[in-house]
Amino acid sequence: MPETFITSKMKTKAGVVEADKEADLEKKEVATLTKPTSVVKYNLTNFRLQRILNNNTRNKSIALLGCFPEQSDADKAVVIFEKQAFRESEVATESDQSGKQLLEKNCENNVKDTSLMSYFCSDLKVQTEFINDIYGSYQCVPPVELSGVKTTVIYPASQKHIEKYTVCQKYIISESPELYEEITLPYISTSQHSLEWVYNILDHKQEVERIVYEDPDPETGFILLPDLKWDGRTLETLYLLAISHKRDIKSMRDLNAQHLPLLRNIRLRAAEVIEKRYGLLSAQLRMYLHYQPSFYHLHVHINPIRHDAPGIWCEKSHMLDTVMNNLELIENYYQKATLPFVLHEGNELLEKYELKMLIRRAPKHLSEKYNEKDETSSSKKLKLDDVTISEVVSK
C-alpha cells in the first residue's frame, strides 16, 4: 500500500491536503477530506472553577474541574494547565553584533516565531532578590512569547475523565487471563470512553494538519501524530502517538503473533520518520504500550528517553520491543500472561475486583502489629523490633 509523509507545513486547498514526502518517500496528495464532525464551542476565558482535582508540583501542572456557564451548568469541564519545559534554543545567545540585533528585534516586535526568541534580550524583566558573595537570586519574567502555558480542555468531561485527573489512592491489580475474561473484558466492553475522536483521526475528519506520518495499509498501517501532552514545539518533551488503522485490537490482551508485522512496521517507520524530522535516533526513543490503556484502540506511545513523560513507570508501561519479543517466543503470550495494572479509588472496575478479592483492607496481622504499644516505654513507641520487622516484610 502507498505511504504518506505529511510535513509540518501543510497546505489545504479545495479540501485537498498536499503532502511532501522527503528522500525515498514519493510526493503525493492526501485524499479529499470529508466534512468535519461538529465540535462543541466554548470560550476558555469563561471557565468557572468548581474545585482543584490535582496540583502536581513535580510536573508543574494543575488539573481543574469546572464548567462553561454559557454552554451548560450541568456539563463538567476538565482544564489542565502545564508549564512547559525549556527548549535549548530559547537560552541561546549570539556573540556577534548581527545576532544580538536580531534577538533584540524579535523581542521588540513581539514576533510569533518563538524559535527565534531568547530569554536573554532587552524584554527580559529582572528583579534582584539578593546578592551574597558569588551567589545571586533573581525573579525573571521572560518575553510573553516564552511564557506560554500548555492547556488541555476536556469538555464535556465524563466521570471517568474526572477520576483520571483526581488525586486519590491507587492499587495494583494482578490480572490473570481468567480475571480478564470474567471482570475486565465485560467492563471495558460496556464502559469504555468513546472512540469517536480516534476514528475521526483515522478517517481524516479531524486533526489532519497534525498528522506527522501515515501508512494507510489496513493491516499494518498507522497514523503518527502528537499526543495532547506535547506542545508541538519543545523537542525535549516530544510525545507522539502511533495509532493503528486496524480497529479490532483493544489492548495488549488482543495481541498475538499475527500482529507482529504491524508492531514491527510501527517500530521501524516511526523511528525513521522521527530521525528525519526531529533528529532523534532510534536508540534515543522510548516506544511502549500502556496497560490498562486510556482508550481501547491499539496505540503506541513514543517519547525521548531523556524525558520523564507521564505513564512511563513499570506498573503501567510495556516496552514495544519486549512486547514483540514475547510474541516471538509465545504466539499467544498475552492471552496466557498475568498482567499488572493500576486502578484508583472510585474507579468502577476497582469496585468489581473488590467483590472478587481482598484489595483495600489492611491485613489483620499488619494492623495489629502497628497498634501494639510498649507499655514499659515512656515514649510509648510502636514495637518494631527486628523480629517484628522481618515478619512484616516476609508477609
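Residues numbered from 1 in each chain as written. Predicted model: local features only at pLDDT ≥ 70, side-chain atom pairs only at ≥ 80, totals over all residues. Heavy atoms only, no water.

Colleague: It is not clear to me how the overall build of the chain should be interpreted in this structure. Could you clarify?
Modeller: When its secondary structure is counted, the chain shows 10 helices and 18 strands. A total of 395 residues make up the chain; the buried ones form 41% of that total. Across the chain, contacts joining residues at least 24 apart in sequence account for 61% of those joining residues at least 6 apart. (Helix = DSSP H or I, 4+ residues; strand = E, 2+ residues; numbered from the N terminus. Buried < 20%, exposed > 50% of the residue type's maximum accessible area, 1.4 Å probe, protein only. Contact = heavy atoms within 4.5 Å.)

Colleague: When you look at the UniProt feature "active site" (unreviewed entry) in the chain in this model, what are you seeing that I'm missing?
Modeller: UniProt feature "active site" (unreviewed entry): in the numbering of this structure it lies at His299. Ignoring sequence-local partners within four residues, the contact set of histidine 299 consists of Leu241, Ala242, Ile243, Leu289 and Pro293. Among the polar contacts made by the side chain of histidine 299, one reaches the main-chain carbonyl oxygen of histidine 297 at a distance of 2.7 Å. (UniProt positions renumbered as here; feature names shortened; annotations may be inferred. Polar contact = N/O pair within 3.5 Å; in protein donor to acceptor, adjacent residues only side chain to side chain.)

Colleague: Even after reading the chapter, I still don't get the pairing of strand β11 (residues 170-175), so can you show me in this structure?
Modeller: Each regular strand displays side chains that alternate between the two surfaces of the sheet. In β11, alternate side chains face the same way, and those of Tyr171, Ile173 and Glu175 are buried while those of Lys170, Ile172 and Ser174 on the opposite face are not. Looking at chain direction, β11 and strand β18 (residues 339-344) are connected through 6 bridges and run antiparallel. Residue tyrosine 171 lies in a different strand from β18, and its bridge partner there is leucine 343. (Pairing = 2+ DSSP bridges.)

Colleague: Explain the sheet that holds strand β10 (residues 149-154) to me, please; I cannot follow it from the model alone.
Modeller: Across the sheet, 4 strands lie side by side as β5-β6-β7-β10; this open sheet has antiparallel pairing. One side of each edge strand has no neighbouring strand; the edge strands of this open sheet are β5 (48-56) and β10. Averaged over all neighbouring strand pairs, the angle between strand axes comes to 20 degrees, with direction disregarded. The pairing of strand β6 (residues 61-68) with strand β7 (residues 72-83) spans 7 bridges and is classified as antiparallel. Opposite leucine 65, over in β7, you have valine 78 as the bridge partner. (Axes fitted to C-alpha atoms, helices over the stretch in contact; angles between N-to-C directions.)

Colleague: Can you walk me through the pattern of salt bridges in this structure?
Modeller: Where charged atoms from two side chains of opposite charge come close, those side chains can pair. Evaluation of the coordinates by the stated rule reveals 13 salt bridges. With a closest N to O distance of 3.8 Å, lysine 246 and aspartate 248 form a salt bridge. Given a relative accessible area of 13%, lysine 246 falls into the buried group. Between arginine 269 and glutamate 272 there is a salt bridge, and its shortest N-O distance comes to 3.1 Å. (Salt bridge = Lys/Arg side-chain N within 4 Å of Asp/Glu carboxyl O.)

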